[in-house]
Number of protein chains: 2
Amino acid sequence: MSLDTLPALDRRTALVSAFTVPKGFGDQTLRERRADAIELLGGIPDPSVLPAGELAEATARVLAQPGLPALQYSRTEGIPALREWIAAREGVPVSRIVVTNGGFHGLALAIQTTVERGDLVAVDNPIFPLFLRGLELSAAHTLPVRVGAHGLDVDEFGALLRDGARPAALYTVPDFHNPTQGSLSLEGRRELVRLAEHYGFVIFADNPYRELRFAGPGPDEEPFNHSEHVIHVNTFTKTLGPGLRLGWLVLPERLVPDVIALRSRQDSHSSTFVQAVVADLLTQDRGLFDATLDRARALYASRARTLAEAIEREAPGAFDVVVPEGGLFLWPRLRDADVDPDRLADDASAEGVEYQRGSFFPSGPGTDAARHLRLAFGDTGEDLLTEAAARLGRALRRQRG
Amino acid sequence: MSLDTLPALDRRTALVSAFTVPKGFGDQTLRERRADAIELLGGIPDPSVLPAGELAEATARVLAQPGLPALQYSRTEGIPALREWIAAREGVPVSRIVVTNGGFHGLALAIQTTVERGDLVAVDNPIFPLFLRGLELSAAHTLPVRVGAHGLDVDEFGALLRDGARPAALYTVPDFHNPTQGSLSLEGRRELVRLAEHYGFVIFADNPYRELRFAGPGPDEEPFNHSEHVIHVNTFTKTLGPGLRLGWLVLPERLVPDVIALRSRQDSHSSTFVQAVVADLLTQDRGLFDATLDRARALYASRARTLAEAIEREAPGAFDVVVPEGGLFLWPRLRDADVDPDRLADDASAEGVEYQRGSFFPSGPGTDAARHLRLAFGDTGEDLLTEAAARLGRALRRQRG
């Protein structure tokens, strides 16, 4: 045996070798925050509307329980108290609920259980771009489907299917779409489910923003909870805090054993501690969650309006701005074709305001996303939003004179 | 288009289709607890030595911080305060630490990043059987390697390598081996690292029990933290509580980006909340972790001794019982070849004591594991351990008359 005949250690699986380096959206999301800038980068809930005191009280209660069940192993699908609360809110049997470590984790589990390597997956265009990174778990090909003012263009998707496209899955954000902010109508959802059942694909309905509707109740019916062809991906991220890492899937019964089998080979189960604290929070005071949402909705509605008005004031006529009906983003569109959106983003950064440029969001050709700006207003106070609009106006005047 | 020509929905990936149904160990671990039996089934820490009150206080502190960083997104590799504490304790640079959702999650990440489908993986024999389930993530083949009284038989493994075996990885529990309870010597570890560096494989050193040494300090040196060929898998599960789902990997620098890339496509990061609470707990009072361990070690040492003595008293001469130097298990061996260990387990269950039968643990032929019982004493008080031994004695007398 001689050492020099032996292989150097370069073991990496094909899985990880195929991962692409984050660029664009990912780069900006992952970098350290700039203390000297107003950052409108991420869909981050405001600390003032997260129930911190109530979480601390819930923690004290669960850590006083005899035998400390919150610190022990628990079942892969989640603890009963939390699954029961979720199932009641979703209007589905408890058996269909699997607790996850947040919405993105739910998507990853959906991909790994239903998308075979090389499969075709239809996706929003423009799209929440981190989904494409998750899709690298299955090395899938993508079929971009246009997203319009009311979410996914179901008619166009239907035409693609009739023309022979045979995706294994479709990914869409149905409520307060990220980034375009539209919501799919009830009839659009029903039609999408009909297509899924007819053509035999799975819908990944990714719904982090659904509870952040600024006014009025949501639809009474959620077609995505009542089909064997939908994985409904939900999370407490935007309502109780991203740092909890707690979400859930509403699954078709037939997929529950596969998702549990996969998780039992990956990370066993979500933190019993986090689940127990949140379950206590939700059940100790049955009105607390909705009261928390009401405060959050009012705050975000006001911020959305303030930012939209400030943009119109600071850059009159420069943007088409639609105040969304919910969620955490504005998606203004540059009206003047002579303005270079990349130069605008660079100038805005120099002026001290950071946002995600629209060019990070297309999943294919045919969108005007690059003419848009994604402005996240969730965790920025109104004075700073107004100042951000002023800086954006200054950045724009660097080009328009 | 007619509906009857379209495929039924049976999409399942090859990955999940290949998962085997849990049997033996998994069945018993996953089932509901029996209220009428003394259960010596799992390596479960005792609630009395988990720092529940201190965790509640830490939670109150982190949820009083301005901006609530504990409820926000954080970096995939873990929060700085926690990584720094871990790195100092391990004696490695912070850059090599990636926080995980517990030890099993660390193993799953190691498998997915370094074991290619169809690779050969050398494993303990007998083995912690859930590792074999995790290995289904990579559909690996296994090469069983004998485990003796002092952990993995490194000499036998070296002979297998010299004879041409070329594993991609080796899995072993080096401290207080599960189930056999031996610990690998310092020289054994060094030799194992030399073999890994020579033959170009990765060691998965799975170390959940290392802090539960009943007496005396551990070795000053940990060879597993100082090689490019070792992934050292650690967890707070047995010390602060399984329900936190919090652990860490000590990784070779070259593997850090791959593990982060994989996690950023699976579940983004471990709960910031859990990380912040534990980091606060560990750093607010720098002596608390070791004081917690001291209480746990004394409790488990006493329970191990009590159970061993009770077995000898209730079934004199029936078992070879070695009181372990740490960990949460006794691994007694039936001396009388005429006793059927499966019938003994059934009779013990009928008498009201449940344990894991040794036949669940071999990873290949050539062990006497089936003649052993794995008795977990962590979460059972001494009166009940004594009663469990009496029930085991009665079960044994059903066969021996």
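Residues numbered from 1 in each chain as written. Chains lettered and ligands numbered in written order. Predicted model: local features only at pLDDT ≥ 70, side-chain atom pairs only at ≥ 80, totals over all residues. Heavy atoms only, no water.

Asker: Just checking my understanding: could you explain the nonpolar core for this structure?
Answerer: Here is a general trend for soluble globular proteins: nonpolar side chains tend to be buried in one another's company. Core analysis: the largest hydrophobic core is formed by 70 residues, its most contacted members being A:Leu82, A:Phe236, B:Leu82 and B:Phe236. Listed in part, the 67 residues of the second largest apolar core include A:Ala110, A:Val115, B:Val16 and B:Phe19. (Core = buried A, V, L, I, M, F, W, Y, C linked by side-chain atoms within 4.5 Å. Buried < 20%, exposed > 50% of the residue type's maximum accessible area, 1.4 Å probe, protein only.)

Asker: So what exactly am I meant to see when it comes to the confidence of the model for chain A here?
Answerer: Caution applies to low-pLDDT parts of the model: their predicted coordinates are not meant to be read in detail. Of all residues in chain A, 94% have pLDDT values of 70 or greater, and the mean over the chain is 93. This stretch, residues 1–8 of chain A, has a pLDDT under 50; its non-local contacts, to residues over four places away or in other chains, come to seven contacts. (pLDDT = per-residue confidence, 0-100. Contact = heavy atoms within 4.5 Å.)

Asker: What is the right way to look at the packing of helix H4 (residues 80–90) of chain A against helix H11 (residues 272–284) of chain A in this model?
Answerer: Angle between the axes and distance between the axes are the two parameters that describe a pair of packed helices. All names here are of chain A. At their nearest, the axes of H4 and H11 sit 8 Å apart, and the two run at 50 degrees to each other. Relative to H11, H4 is oriented oblique. Remark: the crossing between H4 and H11 carries left-handed chirality. Residue-level inspection shows Ala81, Leu82 and Trp85 of H4 in contact with H11, the latter providing Gln275, Val278, Ala279, Leu282 and Thr283. (Axes fitted to C-alpha atoms, helices over the stretch in contact; angles between N-to-C directions. Helix = DSSP H or I, 4+ residues; strand = E, 2+ residues; numbered from the N terminus. Parallel < 35°, antiparallel > 145°, perpendicular 65-115°, else oblique. Left-handed = near helix turned anticlockwise from the far one by under 90°.)

Asker: Looking at this structure, I do not really get the domain arrangement of chain A. What am I missing?
Answerer: A common measure of how large an interface is: the accessible area buried when the components associate. All names here are of chain A. Taken domain by domain, chain A holds domain 1 (20–49 + 290–400) and domain 2 (52–286). Using C-alpha coordinates to define each centre, domain 1 is positioned 26 Å away from domain 2. Across the contact, 33 residues belong to domain 1 and 29 residues belong to domain 2. Interface of domain 1 and domain 2: buried area, both sides summed, is about 2,600 Å²; carbon and sulfur atoms make up 60% of it. The interface formed by domain 1 and domain 2 includes two salt bridges. A salt bridge links aspartate 290 to arginine 89; the shortest N-O distance between them is 2.9 Å. The interface formed by domain 1 and domain 2 includes twelve residue pairs in polar contact (both at pLDDT 80 or more). Top element by residues in the side of domain 1 that touches domain 2 is helix H12 (residues 288–314). It accounts for eight residues. Its residues placed into classes, the side of domain 1 that touches domain 2 shows 20 nonpolar, nine polar and four charged. (Domains from an automatic or database assignment. Buried area = accessible area lost by both parts, 1.4 Å probe. Salt bridge = Lys/Arg side-chain N within 4 Å of Asp/Glu carboxyl O. Polar contact = N/O pair within 3.5 Å; in protein donor to acceptor, adjacent residues only side chain to side chain. Nonpolar A, V, L, I, M, F, W, Y, C, P; charged D, E, K, R; others polar.)

Asker: Looking at this structure, how should I read the sheet that holds strand S8 (residues 230–235) of chain A?
Answerer: Strand pairing in a sheet relies on backbone hydrogen bonds, with the paired strands running either antiparallel or parallel. Residues and elements named next belong to chain A. An order of S2-S9-S8-S7-S6-S3-S4-S5 is seen for the eight strands of this open sheet, with the pairing classed as mixed. Two strands bound the open sheet, and with one partner strand each, they are strand S2 (97–100) and strand S5 (151–152). Taken strand by strand, helix H7 (residues 154–162) contacts strand S3 (120–125), strand S4 (141–148), S5 and strand S6 (169–172), and its axis lies near 145 degrees from that of S4. (Pairing = 2+ DSSP bridges.)

Asker: Explanation requested: the UniProt feature "domain: Aminotransferase class I/classII large" (unreviewed entry) in chain A in the structure shown.
Answerer: In this numbering, the UniProt entry assigns the feature "domain: Aminotransferase class I/classII large" (unreviewed entry) to residues 55–391 of chain A. Structurally, residues 55–391 of chain A is divided into 40% helix and 16% strand, and its ends, taken at the C-alpha atoms, are 37 Å apart. (UniProt positions renumbered as here; feature names shortened; annotations may be inferred.)

Asker: What should I look at first to understand the interface of chain A and chain B in this one?
Answerer: Between chain A and chain B, the residue contacts involve 82 residues of the former and 83 residues of the latter. Overall, the association of chain A and chain B removes approximately 6,700 Å² of surface from exposure, summing both partners, and the carbon and sulfur fraction of that is 60%. Between B:Arg265 and A:Glu136 there is a salt bridge whose closest N-O contact spans 2.8 Å. Inspection of the chain A/chain B interface yields 26 residue pairs in polar contact (both at pLDDT 80 or more).

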